[in-house]
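# Summary of structural features
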Amino acid sequence: MLNDVLTPPAQRDALRDDSASEIPAAAAWTAPLLWQTGDSVVDLRESIRAKLTFALGRTPESARPRDWFAATALALRERIVAACMASEKAVPNKRVYYLSLEFLIGRLMSDAMNNLGLTETTRAALRELGVDLDAVQDAEPDAALGNGGLGRLAACFMDSMASIGIPAVGYGIRYDHGLFRQSFEDGWQREAPETWLAEGNPWEFVRPDASYTIGFGGTVTMSSPNEGVIRRHWQPAETVRAVAHDIPVVGWRGRHVNRLRLWKAEAGEPVDLARFNGGDHVGAVAARSRAEAISRVLYPSDSSAEGQELRLRQEYFFTSASLQDLIARHVNERGDVRSLPDHAAIQLNDTHPAIAVPELMRILMEDHDLSWEDAWHVTTNTLNYTNHTLMPEALETWPVELMERLLPRHMQIIYLINWMHLEEQAKHGRQDPAHQDAAYLASISLIDEAHGRRVRMGHLAFHGARRVNGVSALHTDLMRSTVFAHLHALDPDKIVNKTNGITFRRWLHNANPGLTRLAVETVGSGVLDDPALLRGLEAHAEDPAFVARYAAVRRQRKEALARLVAERTGTDIDPEALFDVQVKRIHEYKRQLLNVVETVALYQAIKAEPHRDWTPRVKIFAGKAAPSYVQAKLIIKLACDVARAVNDDPEVAGRLKVVFLPNYSVSLAETIIPGADLSEQISTAGMEASGTGNMKFALNGALTVGTLDGANIEIRDHVGADNIFIFGLDAAGVQAREAEPGYAARAIQASPRLAAALDMIASGRFSPGEPGRFRPLTDDLRRRDQYLLTADFDDYWRVQRSIDAAWRDPRGWWAKAIRNTARMAWFSSDRSMREYAEEIWRVRLS
Ligand code: 26V
């Protein structure tokens, strides 16, 4: 029916097979034909064939799926470029510049095809060439230029900005190696380099003309006074070139194209000729390696704890290149740099680009002769900052000594900003003792003097920004009341909330075409443009015919997930069972360990009463741990060891299985999420800034078991408290409990079930060859339990058993699931982007 509505008659025949049955056969489970460009199958087929022959030098006979992918991508890129030219012809009044050290994009082909309305045309074109589109799509490597939530958010925002018509450029680094590949060796995580560029990147355009010089180190000189003004000038000791590589980002219905501009580092001079001619051939190219190292690899930790010099070089490199580029564009279009705030809004994605504050000041003063006051006005009316975590160990600080060595001029500017900022307090009559005490001044200073002298990048970004935002209502409240409380009091309008969102085009339309098709058939194809129409599904939540179709979609997605699990882990799982899924980075605060301990307790309970009517469950885990995060890697090992013991035990067969899927990625998530029944969002309240996986699951109709943390709270408000399983302490409860020393030991004593599960883990039952293996985990829970696992365990167990009961009532379960899908429209990143556009960027949509 969808095809009949949207497909031109000429193509209906090709699709007829797929749409014959009510729920399309597996082969048809790709994105429905959403929209149509003028391209015919023949045009595209010939275009792909020409790319294969002339751009790749391959014959159809010798072409591998990877070659077909490159040829198809090049053919599609050509069509994007046409739209691109149109987007760039008119100079927009204002542009958004999104600076992010991470863009966790995943694959680009399905986005491009669907947004251009070319999915079925491409499928048919390839079919005529004897090639299967699904195999071609599988040959595309993920662009994994990010670690987790922050990077994926940037990718969703890029899609939404192009789709709703916000003129924008995303700026980042073109890492040779994205996030490491994860494999397991006897349950231990192993890391291998990722090589997404090994065979080139057909989506990108190299722009050698857009390249900038980035300096490091050196000295700062002073000019002699000129009309009473002394100018300072930075003379770097070392320079690196930043060369632009553009990836076009095509929005929904191809209406608008933005670009993602990623910088590659190259040596200023390819070889040091003086050294080369002097016979030092190795030394002559050393500078080149040093320069190129900057864009070599993504730091694989989503905290900034490592604090290494190369990381600071990456941050300054991409920030400086981006600022130089956008200022050049502005001056070229408008002439005067002073009008920058009227025509540019810069968003700093976390503090990674916070060096933009002194760098913009420096460029404005050094290259454009602005006074300090004028430069400060431009800077603080152009920059905005998004905070993504309040966890102290993740807040970025840099040693003053390192900054002085690497960025001497910037350090001077930071000192001056800080001095003026602290002076201001006195000027504004903050004379009362509460505001005069040293502790108060220390808390608002840009320099942390307590842990060696370090620059607080959060404070720097806060101070240099016009607006500062949190990423969920709770997180924003906590920003105001904790880390930024004093700064907030000085400027109460500065902090605003912008709850995160996800792009429905990737996470519903592309990842779950069956559900999309059902939604279109039920509420009309307008839902593809306006997710608010999903609300119309609610009326069908208890309609048996609709429920049957909704359940059939889930069943197909669960079968696909089961195939993936079998292929990647060798374990068979039964799609009849409840699929209970926790996929995300491995962090103690996300509490995968709580889930594993509950799994052990459930295992014990089933063994104690094997004949009870247990609800069959499959616990599915996936996620990477930072290579240096010892405790997180041990949690993975425990999950794998528990999986082995449970899956090998015939007594629990058919009731409980546990799997850990290796190498979690965006493209894996696209298969996992639509196949989930239950979504685990169980972080310690107050610690997960927002979460975005939680939104993807709920949209696809998985029920959430979660704490009152991050955006879970807003998800509950939207889907309704009856359609979500909430447990545990809230953020205030966590704060109160943290103040009670010895709480963990008491909680364990009060919970025989928790004590028994911990004893079993500590006894070596899951690590027979090495009984003490998991003692670091169990000892930590007994002594410190920083993430209050013991405090929440009993309530988690209770809510899980209520979930077992809910599962045994399919009508009730499906009604809840359907209400989740129906009520999640607000979590579209299109909504987030509209809010940023209106309240932060003050930019018109084109
Ligand atoms: C890193 C670390 C590392 C050290 C231990 C504590 C800790 C806590 C948080 C982080 C993450 C840093 C930045 C980040 O990725 N934040 C995520 O941003 C997402 C998009 O806004 C948001 O949905 C996640 O809740 C937030 O963790």
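Residues numbered from 1 in each chain as written. Predicted model: local features only at pLDDT ≥ 70, side-chain atom pairs only at ≥ 80, totals over all residues. Heavy atoms only, no water.

As a reminder of what qualifies: UniProt positions are given in the numbering used here, feature names are shortened, and annotations may be inferred rather than shown by experiment.
In the annotation of an unreviewed UniProt entry, the protein chain is listed under the name Alpha-1,4 glucan phosphorylase and assigned to Methylobacterium pseudosasicola. Per UniProt, the comment on the protein chain under Catalytic activity (unreviewed entry) is "[(1->4)-alpha-D-glucosyl](n) + phosphate = [(1->4)-alpha-D-glucosyl](n-1) + alpha-D-glucose 1-phosphate".

### Quick notes on the overall build of the protein chain
The cut-off we apply is this: Only DSSP runs of H or I reaching four residues or more are called helices, and only runs of E reaching two or more are called strands; each is numbered from the N terminus. With C-alpha atoms as the basis for the radius of gyration, the globule rule is written as 2.2 Å multiplied by the number of residues raised to the power 0.38. Here the term buried applies to any residue with accessible area under 20% of the maximum for its type, exposed to any over 50%, and partly exposed to those in between, with areas from a 1.4 Å probe on protein chains only. A contact between two residues is defined here by any heavy atoms of the two lying within 4.5 Å. Calculation of accessible area relied on Shrake-Rupley with a 1.4 Å probe; when residues are assessed, cover is drawn exclusively from the protein chains displayed. In this charge count, Lys and Arg are treated as positive and Asp and Glu as negative; neither His nor the chain ends contribute. By convention, charge coordinates are those of NZ in Lys, CZ in Arg, CG in Asp, or CD in Glu.
Along its length, the protein chain carries 36 helices and 24 strands. For the protein chain, the C-alpha radius of gyration of 28 Å lies close to 28 Å, the compact-globule estimate for 846 residues. Taking the principal axes of its C-alpha atoms as reference, the protein chain extends roughly 90 × 70 × 60 Å. Expressed as a percentage of its 846 residues, the buried residues of the protein chain come to 61%. For the protein chain, the share of sequence-separated contacts (at least 6 apart) that also reach a separation of at least 24 residues comes to 78%. Carbon and sulfur atoms provide 52% of the accessible area of the protein chain, an area that totals close to 31,300 Å². Positive and negative side-chain charges in the protein chain, numbering 98 and 111 respectively, have mean positions lying 1 Å apart.

### Considerations on the nonpolar core
This is how the line gets drawn: Put simply, a nonpolar core is a bunch of buried Ala, Val, Leu, Ile, Met, Phe, Trp, Tyr and Cys residues held in one set by side-chain atoms that sit within 4.5 Å of each other.
Among the nonpolar cores identified, the biggest contains 266 residues, and Met161, Trp203, Phe317 and Trp841 are the most heavily contacted of them. The greatest single-element share of this core, amounting to 11 residues, is contributed by helix α26 (residues 630-647).

### Structural notes on the sheet that holds strand β15 (residues 447-448)
Where we set the bar: Pairs of strands are assigned from DSSP output, requiring at least two bridges between the strands.
Pairing is antiparallel in the open sheet, where three strands are placed in the order β14-β16-β15. Each end of this open sheet is capped by a strand with a single partner; those strands are β14 (397-399) and β15. In this structure, β15 lies alongside strand β16 (residues 454-456), joined through two bridges in antiparallel fashion. By the bridge assignment for β16, Asp448 is matched with Arg454.

### A few points about unusual backbone geometry
Where the residue is not glycine, phi is negative for most of them; where a peptide bond is considered, it is trans in most cases. A positive phi angle is found at Asn663, which is not glycine, with a value near 60°. On the accessibility criterion, Asn663 (25% relative accessible area) is partly exposed. Unlike most non-glycine residues, Arg842 shows phi in positive territory, near 50°. Topologically, Arg842 is positioned in the segment after α36 (829-841). Overall, the relative accessible area of 49% leaves Arg842 in the partly exposed class.

### Side note on the UniProt feature "modified residue: N6-(pyridoxal phosphate)lysine" (unreviewed entry) in the protein chain
The feature "modified residue: N6-(pyridoxal phosphate)lysine" (unreviewed entry), as given by UniProt, occupies Lys696 in the numbering adopted here. Position of Lys696 among the secondary structure elements: in helix α28 (residues 693-699). Excluding residues that lie within four positions of it along the chain, Lys696 makes contacts with Arg152, Ile502, Trp507 and Ile673.

### Focus: the confidence of the model for the protein chain
Heads up, the rule is: The quantity known as pLDDT measures the predictor's confidence residue by residue, on a range of 0 to 100.
Chain-level statistics for the protein chain give a pLDDT mean of 92 and a share of 93% at 70 or above. Residue range residues 1-36 is modelled with pLDDT below 50. Its contacts to residues more than four positions away, or to other chains, number 79 contacts.

### Overview of the side chain of Asp159
Relative to the assigned elements, Asp159 resides in helix α8 (residues 149-164). On the accessibility criterion, Asp159 (4% relative accessible area) is buried. Setting aside its immediate chain neighbours within four residues, Asp159 contacts Asp111, Asn115, Val249, Val250, Thr503 and Arg505.

### Quick notes on the packing of helix α11 (residues 309-334) against helix α13 (residues 356-367)
Let me state the cut-off plainly: Fitted lines through C-alpha atoms give the axes, limited to the stretch in contact for helices. The angle between two N-to-C directions lies from 0 to 180 degrees. Should an angle fall under 35 degrees it is called roughly parallel, over 145 degrees roughly antiparallel, and 65 to 115 degrees roughly perpendicular, with every other angle called oblique. A clockwise turn of the near helix away from the far one marks a right-handed crossing, whereas an anticlockwise turn of less than a right angle marks a left-handed crossing. Residues were grouped as follows: Ala, Val, Leu, Ile, Met, Phe, Trp, Tyr, Cys and Pro as nonpolar; Asp, Glu, Lys and Arg as charged; and all remaining residues, including Gly, as polar.
Remark: α11 packs on α13, axes separated minimally by 10 Å, with the N-to-C direction vectors making an angle of 40°. Of the possible angle classes, the one that applies to α11 and α13 is oblique. Classified by chirality, the crossing of α13 by α11 is right-handed. Seen from α11, the contacting residues are Tyr316, Thr319, Ser320, Leu323, Gln324 and Ile327; seen from α13, they are Ala356, Glu359, Leu360, Arg362 and Ile363. Its residues placed into classes, the contact of α11 with α13 shows six nonpolar, three polar and two charged.

### Here we look at the environment of Met161
Within the secondary structure layout, Met161 lies in helix α8. Spatially, the C-alpha atoms of Met161 and Val257 are 9.1 Å apart, while their sequence positions differ by 96 residues. Ignoring anything within four residues of it in the chain, the contact list for Met161 reads Val96, Tyr98, Ile166, Ala168, Asn258, Met833 and Trp841.

### Overview of the side chain of Arg585
Quick reminder of the rule: Polar contact is defined as a pair of N or O atoms within 3.5 Å, subject to the rule that within protein one atom must be able to donate a hydrogen and the other to accept it, and that residues adjacent in sequence are counted only when both atoms are side-chain atoms.
Summarising the element assignment, Arg585 is placed in the loop between β19 (578-583) and α25 (592-608). Its relative accessible area of 8% is what places Arg585 among the buried residues. A distance of 2.9 Å separates a polar side-chain atom of Arg585 from the backbone oxygen of Pro300. Polar contacts involving the side chain of Arg585 include one to the main-chain carbonyl oxygen of Lys624, which spans 3.1 Å.

### Details of the pairing of strand β4 (residues 168-173)
Strand residues, when the strand is regular, have side chains that alternate between the two faces of the sheet. β4 sits mainly inside the fold: six of its six residues count as buried. Side-chain alternation along β4 places Ala168, Gly170 and Gly172 on one buried face and Val169, Tyr171 and Ile173 on a second face that is also buried. The pairing of strand β1 (residues 95-99) with β4 spans four bridges and is classified as parallel. The residue bridging Leu99 from the neighbouring strand is Tyr171, located in β4.

### Topic: the pattern of salt bridges
So the rule is basically this: Basic side-chain nitrogens of Lys or Arg form a salt bridge, by our definition, when they fall within 4 Å of a carboxyl oxygen of Asp or Glu.
The full count for this structure, using the stated rule, is 76 salt bridges. One salt bridge in this structure joins Arg58 and Asp67, with 3.2 Å as the shortest N-O distance. The exposure class assigned to Arg58 is partly exposed, which follows from its relative accessible area of 28%. For Asp67, a relative accessible area of 6% corresponds to the buried category. Among the ionic pairs, Arg288 bridges to Glu292, the shortest N-O distance being 3.2 Å. On the criterion of helical spacing, the pair formed by Arg288 and Glu292 is a turn pair, its members being four residues apart in helix α10 (residues 281-292). Judged by relative accessible area, which is 36%, Arg288 ranks as partly exposed. Given a relative accessible area of 17%, Glu292 falls into the buried group. Overlapping salt bridges, with partners in common, bring together Asp580, Glu598, Arg617, Lys619, Glu680, Arg801 and Asp804 in one network.

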